[in-house]
Amino acid sequence: MKTAVIVFPASNCDRDMIVALEKITGHKPHIIWHQDEDIPQVDLIALPGGFSFGDYLRCGAMAARSPVTRKVIEHADRGGNVIGICNGFQVLTETGLLPGALMRNESLKFVCKDVKLRVENNDTPFTNAYSEGQIITVPVAHHDGNYFADEDTLKALEDEGRIAFRYVDDGGQTTKASNPNGSRNNIAGIISRRKNILGMMPHPERLIEDAQGGAGGLGFFQSMINAIN
Amino acid sequence: MKARIHITLKNGVLDPQGKAIQHALSALGFGGVDDVRQGKYIELDLQETDPAKAEAAVEEMCKKLLSNTVIENYAIEIE
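Residue numbers here run from 1 along each chain, matching the order of that chain's written sequence. By the order in which they are written, chains take letters starting at A while ligands take numbers starting at 1. Residue-level local features of this predicted model are given only where pLDDT is at least 70; pairs of side-chain atoms are given and counted only at 80 or more, and the full residue set underlies all totals for whole chains, interfaces and linings.

### Thoughts on the interface of chain B and chain A
Now for step 1: In this assembly, eight residues from chain B lie in contact with eleven residues from chain A.
Now for step 2: Note on conventions: DSSP H or I runs of at least 4 residues are helices, E runs of at least 2 residues are strands, and numbering of each starts at the N terminus. Broken down by element, the side of chain B that touches chain A gets its largest block of residues, three residues, from helix H1 (residues 16-27) of chain B.
Now for step 3: Any residue outside Ala, Val, Leu, Ile, Met, Phe, Trp, Tyr, Cys, Pro, Asp, Glu, Lys and Arg is labelled polar, Gly included; the first ten of those are nonpolar and the last four are charged. Looking at side-chain class alone, the side of chain B that touches chain A contains six nonpolar, two polar and no charged residues. Contact between two residues is assigned whenever their backbone-derived C-beta positions fall within 7 Å.

In structure tokens form, the structure reads like this:
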């Protein structure tokens, strides 16, 4: 599986993503600086976490209009796989590749902790290594992860099985207390209609081996290997 | 010309920062504030001299970058 990681000014999870992709695919990803004119032919493009362009105007707004992102959109339009983690998810909603928006956390606080996620749909290129309903642990670290979409959009996401992950408690229930940011319907991650684009606020790339304190995110990467290789 | 743009959250979109401001006002003794909605104000200096053209251009800017129409409304004044 050939991969590329896009790096914007103030991306800061690009390295974790590069390490995770290299470890799992056996190949070093192409590292694409936002001013690079072209992205090589790859199976997967990753938009990493961070604070691209200082979160100016809105989180992800500047990166979404950056020339390299036009190439990402073209790749996605051709059916290419794209993942956006944290700030990458914000960028994907700002481009319109994924619906909705990520707003300031309801608590107004930056939240940095491990959370429990329930796999809502395992029939996607990003979740097939998990079982449906499986509870996994991965960290969140964000100030603006409060997923918002209007009622019609939420209904479409729910009806079409496009919720990939939801925040849950230890027993797997979606509760207000288990929702770290006020996200509607406890949504942590969604996929596009064609299932080739995934955006999520939590960071699977930060927990892929026991030395990191757990491997809850490993299945996410294994899924892509299963789907793409 | 100058363009003044107010960007506000749409009705129905929760504004936790507005809520926090309301609580802070109340804590400072400013009673009677029923609701607070926080937004953005952007000023542009434009070369365009035709108000209609200026407004049309700023409208495009609002749609393409300055606002996120999923969650925000914008209001443009040209002067």
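### A few points about the environment of His142 of chain A
Residue and element names in this part refer to chain A.
Now for step 1: Residue placement: His142 occurs in strand E7 (residues 135-142).
Now for step 2: Along the primary structure His142 and Lys109 are separated by 33 residues, whereas in three dimensions their C-alpha atoms are 8.6 Å apart.
Now for step 3: Not counting chain neighbours up to four residues away, the residues in contact with His142 comprise Cys86, Val111 and Met201.

### Some points on helix H4 (residues 87-95) of chain A
All names here are of chain A.
Now for step 1: Neighbour counting defines burial: a residue surrounded by 20 or more other C-beta atoms within 10 Å of its own C-beta is buried, one with 12 or fewer is exposed, and intermediate counts give partly exposed, using backbone-placed C-beta atoms. The element H4 is extensively covered by neighbouring structure, given that nine of its nine residues are classed as buried.
Now for step 2: Turning to H4, its buried residues number three or more, namely Asn87, Gly88, Phe89, Gln90, Val91, Leu92, Thr93, Glu94 and Thr95.
Now for step 3: Taken from the residues just after H4, Gly96 is the one with a positive phi, measuring 90°.

### Brief notes about the pairing of strand E2 (residues 40-45) of chain B
Both faces of the sheet carry side chains from a regular strand, because those side chains alternate between them.
All names here are of chain B.
Now for step 1: By the criterion of burial, E2 is predominantly exposed, with just zero of the six residues buried.
Now for step 2: Pairing between strands requires that DSSP locate at least two bridges from one strand to the other. Bridge count for strand E1 (residues 2-9) against E2 is six bridges, and the pairing is antiparallel. Counted as the bridge partner of Ile5 is Ile42 from E2.

### Focus on the nonpolar core
Now for step 1: Only buried residues count toward a nonpolar core: Ala, Val, Leu, Ile, Met, Phe, Trp, Tyr and Cys, linked into one set through C-beta atoms within 7 Å. Membership of the largest hydrophobic core comes to 69 residues, with the highest contact counts inside it found for Val5 and Ile6 of chain A.
Now for step 2: Once residues lying within four places of it in the same chain are set aside, the contact partners of Ile6 of chain A are Ile32, His34, Ile45, Leu47, Val68 and Val72 of chain A.
Now for step 3: Counting residues in hydrophobic clusters, the runner-up holds eight residues, among them Ala3, Ile5, Leu66 and Tyr74 of chain B.

### Remarks on unusual backbone geometry
All names here are of chain A.
Now for step 1: Residue Leu57 is not a glycine yet carries a positive backbone phi of 70°.
Now for step 2: We note that Asn185 has phi near 55°; this positive angle belongs to a residue other than glycine.
Now for step 3: Owing to 14 C-beta atoms within 10 Å, Asn185 belongs among the partly exposed residues under this scheme.

### Observations regarding the environment of Met224 of chain A
Residues and elements named next belong to chain A.
Now for step 1: Within the fold, Met224 resides in helix H6 (residues 218-228).
Now for step 2: Taking C-alpha positions, Met224 is 27 Å from Ala149, a pair spaced 75 residues apart along the chain.
Now for step 3: Look past the residues within four positions of Met224 in its chain and what remains in contact with it is Met1, Leu44, Pro125 and Phe126.

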